[in-house]
Amino acid sequence: MKKTIKTLCIALATLPLIVACDNSWLDKQPLTQFTDNSYWTSEGNVKAFCLGFYSLFDGFGTGASSSISANAGSGAESDFYFTSFSDDQANNVIDIFATAAPATATTWNTPYTYIRLSNLLLARIDQVPVGAAVKNHYRGVAYFFRAMEYYDLVRRYGDVPYENKYLDQDNDASQIWGAKTARNAVMDSVLSDLNRAVTMLYTKSMADTYTGVNTVNQDIANALKSRICLYEGTYSKYQLNDNARATNYLNQCKTASEAVMSSSAYALNSDYRSVYSSLDLSNNKEAMLYRIYLDGVVTHSVVGYCNSSTIISGLTKDAVDAFLCTDGLPIGLSSLYRGDDCNATTLSIGQSTLKNRDKRLASSVDSILCYTKKPNILGFTSTTGYRISRFDNATLTKTQVLAPNNPTDAPIFWLPEVLLNEAEACAELGVFTQTVADNTVNKLRARAGVASLNVTNVPDDPKRDSDVSPLLWEVRRERRVELMMDGFRYWDLRRWAKLSYLNPAVKPDIFKGAKAPAGSAGSPGGQDALGYILPYSTATAAKRVVTVPKHYLDPIPTGQLNLYQNANVTFPQNTGW
């Protein structure tokens, strides 16, 4: 493991040296640096080069600057907990949409940096003295990361400049400042890259042998394809109203998901929490690819933030209400629901909110409420009263629990997401049978102690949107509760055209927390008439404004607009910005 970390650090240091060396003003390279011409001489160099791409996987992070997953390649950003901009969490500082376009953004610059690196690898791999199968594997790596980065650009910005070959900064300057390419054309190229990656990459067993365990392989490419094609399929249906396109991508998602599901290499853990709280995921069959953290070398802050005097971004009432009762019914229909009254003395919710509920809820939050004026015995408080406990590991030392010293590993691709992608794609395609349910949703429910979903008797939740069928509502619910705080929810709302869920006027419970004894909460908004904690004052809550269609795309950085304008290229800002 230490060797892997060291190799990755070397790779990250090497990448900029190679990318920079086609600048003609660099007359001579120091003897300690590689040049583009001298680098492509061995597989070892190529392997080190490819490891540099792995910084794009955020993992747990050290305290994200954005509450939306950013894939900025810095190691500070996060896919978990810190990605609080959704209807699932109430951040200590309210999450709102940007009010103006920024001058710069890593979410624009970083993808293009790594796209250029991918194109460089594709342009140079033929120079390396290795066999055809080895070259194809590394081509597959390039296609994998190029697809991932263009997908990230498109889901944020829509139409973006597209380039699939390596451009020399001096000789190809006229091609660098190209006009935008339509989002659909870019995403079709992404699918083409994914299909190439699936074909060219080593199988898992070959990758484990020749490039190392926990590296990108054919299964990981199918997992990424599953993720991306589900996004594009549902986006095409709900945002573009293009059912033919949606059907194609959803079928592609289904194919990729089933390729992963058919492998004996992966299996669900017996418990829900271990994939989020383990010191070592190398023997965890649920984790397909994971980010390694190592005490004193590379660490994160998620555990530390959830176990500190910093006010924790707690789960919202809306999120907690989404967890089913053990009979498989929503709280609005189940006789097993025990309400939300806590023990007035101990503030325990073990016999109320957590009683007879999906075990994933008790695995995610503490059984004792803690909030302003009522911290727990360790002095912790949560914006909503619900303290996040999912990431805790009782074996950590006092030093390891503190941010940023947390050494627990983070999943990047893991089996439950693939199962949920398959379930949703089948539901959207109208082919969700009992067999599909039993192979996907019901496996997750069984682990959570929840009754199976019966496709001939799907409950009709009183909270269901009228434009979502009862079956699809339950499939989306399963995705929400299984992947809660994992960085997916915000993007799910965008692809479903459901950003209205972030509007407290539409869903008031997103700005409510746990039910506390009357008058006991010192939160900015106090408590509502029923005793539910209000994490924000009325004035602060009013800052959350959802504007459609503006907020379905991010603003292009103004610095980029100026550069294209100076190059006499028509490059319009996104609608509303």
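The numbers attached to residues start from 1 for each chain and follow its sequence in the written order. Only residues with pLDDT of 70 or above have their local features reported here, since the model is predicted, and side-chain atom pairs are shown and tallied only from 80 upward, although totals for entire chains, interfaces and linings are computed over all residues. Note: side-chain values were computed over all heavy atoms of the structure, leaving out hydrogens and water.

Asks: I'd like a rundown of the overall build of the protein, residues and numbers included.
Replies: Helix and strand assignments come from DSSP, with helices taken as H or I runs of at least 4 residues and strands as E runs of at least 2, each series counted from the N terminus. When you go through the protein residue by residue, the secondary structure sums to 22 helices and 4 strands. Computed over C-alpha atoms, the radius of gyration of the protein comes to 24 Å, within 12% of the 25 Å expected from 2.2 N^0.38 for 577 residues, which places it in the range of a compact globule. If you line up the protein on its principal axes, its C-alpha atoms span 75 × 50 × 50 Å. When each of the 577 residues of the protein is scored for burial, the buried share is 57%. Note on contacts: a residue pair qualifies if any of its non-hydrogen atoms lie within 4.5 Å across the two residues. Across the protein, the fraction of contacts at a sequence separation of at least 24, relative to all contacts at a separation of at least 6, is 69%. Under the convention used here, a 1.4 Å probe and the Shrake-Rupley method define accessible areas, while residue burial counts only the protein chains that appear. Accessible surface for the protein amounts to roughly 22400 Å². Of this, 53% is attributable to carbon and sulfur atoms. Taking the average location of the 55 positive side-chain charges in the protein and that of its 55 negative ones, the two points are 3 Å from each other. We take the radius of gyration over the C-alpha atoms and set the globule estimate at 2.2 Å times the residue count to the 0.38 power. In this scheme, a residue with accessible area under 20% of its type's maximum is buried, one over 50% is exposed, and one in between is partly exposed, where area comes from a 1.4 Å probe on protein chains only. Counting rule for charge: Lys and Arg are taken as positive, Asp and Glu as negative, and neither His nor the chain ends is counted. For the purpose of locating charges, the reference atoms are NZ of Lys, CZ of Arg, CG of Asp and CD of Glu.

Asks: Please set out the packing of aromatic side chains residue by residue, giving values where relevant.
Replies: In this scheme Phe, Tyr and Trp rings, the latter by its six-membered ring, pair at centre separations within 6.5 Å, and the angle between planes marks the pair as stacked below 30 degrees, edge-to-face above 60, and tilted otherwise. Tallied over the entire structure, the rule returns 36 aromatic pairs. Between F53 and Y114 the ring centres are 6.0 Å apart and the planes differ by 55°, which places this aromatic pair in the tilted class. With F53 in the loop between α3 (43–51) and β1 (89–90) and Y114 in helix α4 (residues 106–124), this residue pair connects regions lying 61 residues apart in the sequence. Each ring, one from F85 and one from F97, has its centre 4.9 Å from the other, and the planes form 55°; the classification is tilted. Residue F85 is located in the loop between α3 and β1, and its partner F97 is located in the loop between β1 and α4; the two are separated by 12 residues in the primary sequence. Here F85 falls in the buried class, since its relative accessible area comes to 3%. Each member of the aromatic cluster is reached from another via a ring pair, and the members are Y39, W40, F49, F53, Y54, F57, Y114, F144, F145 and F413. Put simply, a charge is over a ring when the Lys NZ or the Arg CZ is close to the ring centre, within 6 Å, and near the line of the ring normal, within 35 degrees. Stacked on the ring of Y276, the Lys or Arg R390 has its end atom at 4.7 Å from the ring centre.

Asks: Give a description of the packing of α3 against α4 that names residues and reports values.
Replies: To get an axis, a line is fitted to the C-alpha atoms, and for a helix only the part in contact is used. The angle between two axes follows their N-to-C directions and goes from 0 to 180 degrees. One can describe the packing of α3 onto α4 by two numbers: an axis separation of 11 Å at closest approach and a directional angle of 160°. Regarding the angle of α3 to α4, the classification is roughly antiparallel. Our pair here, α3 against α4, has a crossing hand that is left-handed. Across the interface between the two elements, V46, F49 and C50 of α3 pack against L117, L120 and L121 of α4. Three classes are used: nonpolar for Ala, Val, Leu, Ile, Met, Phe, Trp, Tyr, Cys and Pro, charged for Asp, Glu, Lys and Arg, and polar for all others, with Gly counted as polar. Its residues assigned to classes, the contact of α3 with α4 shows 6 nonpolar, no polar and no charged. These descriptions rest on fixed angle ranges, namely under 35 degrees for roughly parallel, over 145 for roughly antiparallel, 65 to 115 for roughly perpendicular, and the rest for oblique. Handedness of a crossing is defined here by the sense of rotation of the near helix relative to the far one, left-handed for an anticlockwise turn of less than a right angle and right-handed for a clockwise turn.

Asks: Can you explain helix α22 (residues 558–566)? Please cite residues and give values.
Replies: Along an α-helix, residues three or four apart share an orientation, since each turn contains 3.6 residues. Along α22, the residues that are buried comprise Q560, L561 and Y564. Mapping the buried residues of α22 onto a view down its axis gives an arc of 100°, with all of them on the same face. Exposed side chains of α22 directed beyond 90 degrees from the buried face belong to Q565 and N566. For α22, the secondary structure elements touched by its buried residues are α4 and α6 (173–176). Of the residues one or two after α22, N568 is the one with positive phi, at around 60°. Arc definition: directions from the helix axis to the C-beta atoms.

Asks: Before we move on, can you summarise the pattern of salt bridges with the specific residues and values?
Replies: Where charged atoms from two side chains of opposite charge come close, those side chains can pair. The term salt bridge refers to a side-chain nitrogen of Lys or Arg lying within 4 Å of a carboxyl oxygen of Asp or Glu. The full count for this structure, using the stated rule, is 46 salt bridges. Here R447 ties to E482 by a salt bridge, and the two come within 3.0 Å at their closest N and O atoms. With a gap of 35 residues between them, R447 in helix α18 (residues 441–447) and E482 in helix α19 (residues 470–482) connect regions that are remote in the sequence. Side by side, R447 and E482 carry an identical accessibility label, which is buried. Linking D554 and R494 is a salt bridge whose minimum nitrogen-to-oxygen distance equals 3.0 Å. With D554 in the loop between α21 (538–541) and α22 and R494 in helix α20 (residues 489–495), this residue pair connects regions lying 60 residues apart in the sequence. Considered together, D554 and R494 belong to a single accessibility category, that of buried residues. Through salt bridges with shared partners, one network takes in E286, D358, R360, R445, R447, D461, E474, R477, E478 and E482.

Asks: Quick one: what's the story with the side chain of E286, residue by residue and with numbers?
Replies: With respect to the element layout, E286 can be found in the loop between α11 (274–277) and β2 (287–291). Note on E286: relative accessible area 1%, which makes it buried. Residues contacting E286, with those up to four places away along its chain left out, are A267, L268, N269, V275, W414, L415, P416 and R447.

Asks: Lay out the packing of helix α9 (residues 218–238) against helix α16 (residues 415–429) in plain terms, naming residues and giving numbers.
Replies: Running from N to C, α9 and α16 cross one another at 30°; their axes reach a closest spacing of 10 Å. Viewed along their axes, α9 and α16 adopt a mutual orientation that is roughly parallel. The element α9 and its partner α16 pack so that their crossing is left-handed. Together, A223, S226, R227, L230, T234, K237 and Y238 of α9 and E417, V418, N421, E424, A425 and E428 of α16 make up the contact between the two elements. Class assignment of the residues belonging to the contact of α9 with α16 gives a composition of 5 nonpolar, 3 polar and 5 charged.

Asks: Mind laying out the nonpolar core, listing which residues take part and the relevant values?
Replies: What makes a nonpolar core is a set of buried Ala, Val, Leu, Ile, Met, Phe, Trp, Tyr and Cys residues whose side-chain atoms join them at distances within 4.5 Å. Counting 148 residues, the largest nonpolar core has F144, F145, F391, F413 and F432 as the members making the most contacts within it. Ranked by the residues each element gives to this core, the list is headed by helix α5 (residues 132–157), at 14 residues. Within the second largest apolar cluster, 6 residues are counted, among which are I94, I510, F511 and Y536.

Asks: Describe in detail unusual backbone geometry, supporting the description with residues and values.
Replies: Across the junction of A403 and P404, the peptide omega takes the value 5°, indicating a cis bond. Along the chain, the position of P404 falls in the loop between α15 (398–401) and β4 (410–414). The backbone of N214 shows a phi angle near 65°, a positive value even though the residue is not glycine. In this structure, N214 sits in the loop between α8 (204–210) and α9. Residue classification places N214 among the buried positions, given a relative accessible area of 17%. At K373, a residue that is not glycine, the phi angle is positive and equals roughly 85°. Its location among the elements puts K373 in the loop between α14 (359–362) and α15.

Asks: Account for the pairing of β2, with residues named and values stated.
Replies: In terms of burial, β2 is a largely internal element, 5 of the 5 residues being buried. The pairing of β2 with β4 spans 4 bridges and is classified as antiparallel. Pairing of R291 across the sheet is with A410, part of β4. Only strands joined by at least two bridges in the DSSP assignment are considered to pair.

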